[in-house]
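Architecture and fold: a report
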Amino acid sequence: MTGRYPIRSGMDFSNGFRVIVSAAVSAGLPSNETTFATILQQQGYSTGLIGKWHLGLNCASRDDFCHHPNSHGFNYFYGMPFSLYSGCKPGSIPESPNSPKQQLSFVTQIIGFGVLTLTALKYSKILAINGKFLVSCAVFDLLFFITWYTLYHYAHHWNCMIMRNHEITEQPMNIERSTSQILKEAHGFIERNKNVPFLLFVSFLHAHIPLITTKKFTGRSNHGTYGDSIEEMDYLVGSVVDAIDTAGLKNNTFIYFTSDHGGHLEAADGNIQLGGWNGIYKGGKAVAGWEGGIRVPGIFRWPGVISPNTVCDEPTSLMDIFPTVIQLGGGELPRDRIIDGRNLMPLLKKQALHSEHEFLFHYCGSHLHAVRWHEKESGTVWKAHFITPVFSPEGAGGCYDFKVCPCNGDRVTYHNPPLLFDISTDPSESSPLQLHLKPQYMQAINRIKHAIEEHQRTISPVPQQLSLTNNFWNPWLQPCCGTFPFCWCDKDINLTSAG
């Protein structure tokens, strides 16, 4: 969205949750950040976002919409202002062992156990403890339990919602109907704007657990539930592309298909894999350094501009969307901030042989886990790992006990000297270079460390959007269609057509 490392805007955090945990928190993409949609909107483009947002909603009240897509350059928004999670789909996979519900339950039990222990000590006359204090602790524990239990009981009403601009149209959302609605909205946006310049960002709910698959695609794939979801997403993408072509926009529309991270290896229901597969690449979702967590598809189409069957093996980043789209839209990059992305068009049009990225820095929260160096002279792509997660069980390719690998603490390994791989010949990162065997080792490590020093000098302190205070559920920020806490409405029930 911003062409910048998330750490620059406070959208990475390590001592808590690394994503926004509720639609009713004050965390979100800061108002002083500029998205590519904002700049294209200023250039006269009609801008739309259809699908998932998950970059925040409100700051101080439930209707200030400071983080809403409409406040970040999108003229039109239809979709989920939060994220898809297990509570949105009845019967989906259970909570993970380190979920907030499990943690809150544990805290409740600890407080309760403490109250019982102090009560026993009081009446056994081992300690003199004020009775009012014990009653206050017991009441606090009860209220604490009622609060978080109620929150989770109604969480699917509160977080699983669909919005059209600032209006909630479904709460809770009908997950079985969302696919056809999102596709219908994408078609509608293209049809409404086919005679003007437009930017459309379609963020499908597919391939994210809980897996969404309509009856038409259920059981269709040879690769189980995940394969069914992928095949349906393929159909949806094809339908959007067909809508572009039908509108007569094929030759003057730039299309970019990608993903936001590697497969979630730890997501499973028994022996059924739900989170995808990363092939030869190590690690997956939330793993910030290994290739399986950060290597994603990049598929482009622009007939007459990008030659068919063009393959680019140069290191690029999703941050590159920002300058690429702005350049194509006739806008100018902001000059009051560092932009980390680079324009992709010279590579895609074969006007340049190499990516402008000499270094890419791979963060986990606010911790720098790995750095990629593209040595232009030799064409070698080096990757140095300074921190890696401890996979569990031993020998596994993910953090199966935690479901999401941590960024720091005793569940990571700090490497000194760093692990170094030649990604250009060893993309599976299976054979680290040995310091005493490879003379290139110290040359590469020293160059990477120097780049880190230069990069870190450009990082300025900013408010941490995902801190515990900003990323904590607030009832006064809770979007609600109807009467709180029973939030319910379905304003699109008569507008739905078959998918």
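What you see is a predicted model; the values in this text were computed from it and never measured.

Some thoughts on the sheet that holds strand E10 (residues 359-364)
Sheet architecture is open: four strands sit in the order E10-E11-E12-E13, paired in antiparallel fashion. At either margin of the open sheet sits one strand with a lone partner, and together these are E10 and strand E13 (412-422). Across the sheet, the mean angle from the axis of one strand to that of its neighbour is 15 degrees, orientation sign disregarded. Judged from the six bridges that link them, strand E11 (residues 367-375) and strand E12 (residues 380-389) form a sheet pairing that is antiparallel.

As for the side chain of Ser 180
Mapped onto the elements, Ser 180 comes out in helix H5 (residues 178-193). For Ser 180, a relative accessible area of 16% corresponds to the buried category. Only 3.1 Å separates the side chain of Ser 180 from the backbone oxygen of Arg 177, close enough to count as a polar contact.

Some remarks on the state of the cysteines
In a disulfide, the sulfur atoms of two cysteines are held together by a covalent bond. This structure, assessed with the given rule, holds six disulfides. In this model Cys 399 forms its disulfide with Cys 405; the gap between the sulfur atoms is 2.0 Å. One quick way to see it: the torsion about the S-S bond of Cys 399 and Cys 405 is about 100 degrees, and its sign makes the bridge right-handed. Overall, Cys 399 belongs to the buried group, its relative accessible area being 1%. Here the bonded cysteines of the protein chain are numbered in sequence order, and their pairing is 1-2, 3-4, 5-8, 6-7, 9-11, 10-12.

Topic: the pattern of salt bridges
Within the structure shown, the criterion is met by 19 salt bridges. Two residues, Arg 177 and Asp 490, come together in a salt bridge whose shortest N-O distance is 2.8 Å. Highlighted residues: Arg 177 in the loop between strand E4 (167-171) and H5 and Asp 490 in strand E14 (residues 489-490), separated in sequence by 313 residues. A residue is classified by how much of its surface remains accessible, and Arg 177, at 11% relative accessible area, is buried. The partner of Arg 447 in a salt bridge is Glu 358, and the shortest N-O contact between them spans 3.5 Å. Separated by 89 residues along the polypeptide, Arg 447 in helix H10 (residues 440-456) and Glu 358 in the loop between helix H9 (345-348) and E10 bring together distant segments of the chain.

Structural notes on the packing of aromatic side chains
For any two aromatic rings, the description comes down to two numbers: the centre-to-centre distance and the angle of the planes. Counted by the stated rule, this structure contains 15 aromatic pairs. Considering the side-chain rings of Trp 53 and Phe 74, the 6.4 Å spacing of their centres and the 80 degrees angle between planes classify their relative orientation as edge-to-face. In this pair, Trp 53 is assigned in the loop between strand E1 (46-52) and strand E2 (76-80) and Phe 74 in the loop between E1 and E2, connecting sequence segments 21 residues apart. Each member of the pair, Trp 53 as well as Phe 74, carries the same accessibility label: buried.

As for the nonpolar core
Ile 20, Phe 36, Trp 53 and Met 163 are the most contacted members of the largest nonpolar core, which totals 32 residues. Secondary-structure elements contributing two or more residues to this core are helix H1 (36-42) and helix H8 (321-328). Not counting residues within four places of it along the chain, the set of residues in contact with Trp 53 comprises Met 1, Leu 29, His 67, His 68, Pro 69, His 72, Phe 74, Phe 77, Met 80, Pro 81 and Phe 82.

What counts, and at which threshold
- Residues numbered from 1 in each chain as written.
- Predicted model: local features only at pLDDT ≥ 70, side-chain atom pairs only at ≥ 80, totals over all residues.
- Heavy atoms only, no water.
- Pairing = 2+ DSSP bridges.
- Helix = DSSP H or I, 4+ residues; strand = E, 2+ residues; numbered from the N terminus.
- Axes fitted to C-alpha atoms, helices over the stretch in contact; angles between N-to-C directions.
- Buried < 20%, exposed > 50% of the residue type's maximum accessible area, 1.4 Å probe, protein only.
- Polar contact = N/O pair within 3.5 Å; in protein donor to acceptor, adjacent residues only side chain to side chain.
- Disulfide = S-S within 2.5 Å.
- Salt bridge = Lys/Arg side-chain N within 4 Å of Asp/Glu carboxyl O.
- Phe/Tyr/Trp six-rings, centres within 6.5 Å; stacked < 30°, edge-to-face > 60°.
- Core = buried A, V, L, I, M, F, W, Y, C linked by side-chain atoms within 4.5 Å.
- Contact = heavy atoms within 4.5 Å.

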